[in-house]
Amino acid sequence: DKVFRVFPQNEEHVEIIKSIASNTQLDFWAPETVSLVTVGHRADFRAEYEVVYDIQALLEKSGMPYEIMIGNVQEAVHTQRDSNIRAVHSYVKYNDLDTINAWSANIAAQNSGLVSRSQLGTSYEGRPIYLLKVGKSGSNKKAVVLDCGFHAREWISVAFCQWFVKEAVEKYGSDTQLTNLLNNLDFYVVPVLNVDGYAYTWSTNRMWRKTRSVNSGTTCIGTDPNRNFNAGWCTVGASSRACDDTYCGSSPESERETKALANFIRNNLSSIKGYLTIHSYSQMLLFPYSYSYAVAKDHTELNTVAKNAVSQLTSLYNTKYTYGAGGTTIYLAAGGSDDWAYDAGVKYSFTFELRDTGRYGFLLPESQIQATSQETILAVRSIATHILNNA
């Protein structure tokens, strides 16, 4: 399989891509669906090896600029895991779900003054979805929700949540800023929200994105959890077809995973002041709205918070991030958790799209976990400090 990046220059090019997609099962990486492909914006998609030469011939003939980002996806899947560490759990390699669950139990047991573990809910296939509360116990504390692993194939997201908890535990008491944050804020960390999908990317299909729920009337499995929230649900950038990667589900919160998260936020709205959802890839920091071009009432403040966070992130390794409202910065996409949380009353609601910009896409090598996590934590600290001082 290969990953193509195309640069449609006119409507004809867009139609060619749509026509290829209608005749072939393409896996769109960015944007996430062919319906969002537009003139002047690049698109990345994976094509299966049986059709790559036909696609290449069509692109050549059309005169559309393109490049091959990944020449052999199978090889990239293999080389992604480039860490030599053989420990069961490590912060600088990708860990499977069982390993992460054992880790979360362990880190809570060993750091009971700072970390506690509970169960957010149960997935469609019956797996526990765990929640770590990280922070010094205190009364009337403001809280920030941080979730990872919404989309199953975005492994760097899952690695980041583990790194965040590690940093909190290791640096509490010695790092002034972090100690202050943990003394005065609670962080609710969901290490893997889409547990069924994540397990499936390890066992069966590395490129799986959705949940693993059964859809009645079709053999197609799963719903896109980040199109399943009641925020402009199933209007734009989401599909009502169960076979599509951006399927919005049979109704808002039809998925047990999204319902569990939404219930938790609803039940704790008085204390939750921030919501950070971690995705990949694109190197972006987005805030509402994504379901329309409407300007959020807190747009100016959110834009400033994002700008400062990105500035902190870039200061470490000079990684370039784009920031802004989701709809205008990338594309319209309805049913996202950040828009829903914002409309529910969580003002500081942000979506991170971690490294990279497409060289590896969803197959970011393990050798980049540490740097990605270190820089992202600077942005999270920046946002959390603003929440502490202003919420």
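As annotated in an unreviewed UniProt entry, the protein chain carries the name Carboxypeptidase B and is attributed to Pelobates cultripes. Turning to the protein chain, the UniProt record has this under Cofactor (unreviewed entry): "Zn(2+)". Listed under Catalytic activity (unreviewed entry) in UniProt, the entry text for the protein chain is "Preferential release of a C-terminal lysine or arginine amino acid."

A. Layout of the pattern of salt bridges. Counted under the stated rule, the structure contains 22 salt bridges. Close ionic contact of D196 with R127 constitutes a salt bridge, the shortest N to O distance being 2.8 Å. With D196 in helix α7 (residues 195-203) and R127 in the loop between β5 (115-122) and β6 (128-134), the pair connects residues that are 69 residues apart, well separated along the chain. On the basis of relative accessibility, which here comes to 1%, the residue D196 falls in the buried class.

B. Seen up close, empty space enclosed by the protein. Under the criterion given, the structure shown has two cavities of 30 Å³ or more. Volume-wise, the largest cavity comes out at about 190 Å³. Along the walls of the largest cavity sit 15 residues, with N226, R227, S290, I330 and A333 positioned nearest its centre. At the level of secondary structure, the elements contributing two or more residues to the lining of the largest cavity comprise α11 (337-344) and β12 (348-354).

C. A look at the nonpolar core. Ranked by internal contacts, the top residues of the largest apolar core, which has 83 residues, are F187 and F350. By residue number, the principal contributor to this core is helix α5 (residues 155-171), which donates 10 residues. The residues contacting F187, other than those within four sequence positions of it, are L132, K133, V134, V144, F164, L181, L182 and A384. Grouped together as the second largest cluster of nonpolar side chains are 17 residues, I17, L26, F45 and I55 included.

D. How the structure looks around the UniProt feature "active site" (unreviewed entry) in the protein chain. UniProt records the feature "active site" (unreviewed entry) for E353 in the present numbering. On the secondary structure map, E353 appears in strand β12. Beyond its immediate sequence surroundings of up to four residues, E353 is in contact with H279, S280, Y281, S282, Q283, M284, L286 and Y321.

E. Representation of α5. With 17 residues, α5 should reach 24 Å at 1.5 Å per residue; the first-to-last C-alpha distance of 24 Å fits that figure. Within two residues after α5, G173 carries a phi angle of roughly 100°, on the positive side.

F. Spatial organisation of the state of the cysteines. Evaluation of the coordinates by the stated rule reveals three disulfides. Shown here is the disulfide that connects C148 with C161, its sulfur atoms set 2.1 Å apart. Given an S-S torsion of about 80°, the disulfide between C148 and C161 has right-handed geometry. Of the two residues, C148 is situated in the loop between β7 (142-147) and α5 and C161 in helix α5; the sequence distance between them amounts to 13 residues. Each member of the pair, C148 as well as C161, is classed as buried. Paired by a disulfide, C234 and C248 hold their sulfur atoms 2.2 Å apart. Taking the sign of the S-S torsion, -70° for the link of C234 and C248, the bridge is left-handed. You can see C234 sitting in the loop between α7 and α8 (256-267) and its partner C248 sitting in the loop between α7 and α8, a full 14 residues away along the chain. For C248, a relative accessible area of 1% puts it in the buried group. Look at the protein chain and number its bonded cysteines as they come in the sequence; the links are 1-2, 3-5, 4-6.

G. How the structure looks around the pairing of strand β11 (residues 322-325). Pairing geometry for strand β10 (residues 284-287) and β11, over four bridges, is parallel. The residue bridging M284 from the neighbouring strand is T322, located in β11. Traced from β10 through helix α9 (residues 299-317) to β11, the parallel crossover comes out right-handed.

H. The arrangement of the packing of helix α4 (residues 97-110) against α5 in detail. At a minimum axis separation of 12 Å, α4 and α5 run at an interaxial angle of 15°. Considering their axes alone, α4 and α5 lie roughly parallel with respect to each other. The handedness of the crossing between α4 and α5 is left-handed. Only V158, Q162, V165 and V169 of α5 make contact with α4, whose side of the interface consists of I100, W103 and I107. Class assignment of the residues belonging to the contact of α4 with α5 gives a composition of six nonpolar, one polar and no charged.

I. Quick look at the sheet that holds β11. If you trace the eight strands from one edge of the open sheet to the other, you get β5-β6-β8-β7-β9-β12-β10-β11, paired in mixed fashion. Bordering the open sheet on either side are β5 and β11, each of which pairs with just one other strand. On average, each strand axis in the sheet is tilted by 20° relative to the strand beside it, whichever way the strands run. In this sheet, β6 lies alongside β5 in antiparallel orientation, the contact comprising seven bridges. Counterpart to G121 in the pairing with β6 is I129. Lying over the sheet, α4 contacts β5 and β6, oriented at roughly 145° with respect to β5.

J. View of the packing of aromatic side chains. In the structure shown here, the tally under the stated rule is 20 aromatic pairs. For the pair Y198 and W202, a centre-to-centre distance of 6.3 Å together with 65° between the ring planes defines the contact as edge-to-face. Note that Y198 and W202 are positioned in helix α7 at a spacing of four residues, about one turn of the helix. Of the residues examined, Y198 reaches a relative accessible area of 1% and is grouped as buried. The class of W202 is partly exposed, set by a relative accessible area of 24%. In this structure an aromatic cluster arises from ring pairing among F4, F28, F45 and Y66. When the ring centre of Y91 is taken as reference, the NZ or CZ atom of K166 above it lies at 5.7 Å. Over the aromatic face of W155 sits the side chain of R206, whose NZ or CZ is 3.7 Å from the ring centroid.

What counts and how
- Residues numbered from 1 in each chain as written.
- Predicted model: local features only at pLDDT ≥ 70, side-chain atom pairs only at ≥ 80, totals over all residues.
- Heavy atoms only, no water.
- UniProt positions renumbered as here; feature names shortened; annotations may be inferred.
- Salt bridge = Lys/Arg side-chain N within 4 Å of Asp/Glu carboxyl O.
- Helix = DSSP H or I, 4+ residues; strand = E, 2+ residues; numbered from the N terminus.
- Buried < 20%, exposed > 50% of the residue type's maximum accessible area, 1.4 Å probe, protein only.
- 1 Å grid on protein atoms, 1.4 Å probe; cavity = no way out; pocket = protein on both sides within 12 Å on 5 of 7 lines; lining within 4 Å.
- Points joined across faces, edges and corners; volume = space filled by probe spheres on them.
- Core = buried A, V, L, I, M, F, W, Y, C linked by side-chain atoms within 4.5 Å.
- Contact = heavy atoms within 4.5 Å.
- Expected span 1.5 Å × (residues − 1).
- Disulfide = S-S within 2.5 Å.
- Pairing = 2+ DSSP bridges.
- Right-handed = clockwise from strand over helix to strand, strands pointing away.
- Axes fitted to C-alpha atoms, helices over the stretch in contact; angles between N-to-C directions.
- Parallel < 35°, antiparallel > 145°, perpendicular 65-115°, else oblique.
- Left-handed = near helix turned anticlockwise from the far one by under 90°.
- Nonpolar A, V, L, I, M, F, W, Y, C, P; charged D, E, K, R; others polar.
- Phe/Tyr/Trp six-rings, centres within 6.5 Å; stacked < 30°, edge-to-face > 60°.
- Lys NZ or Arg CZ within 6 Å of the ring centre and 35° of its normal.

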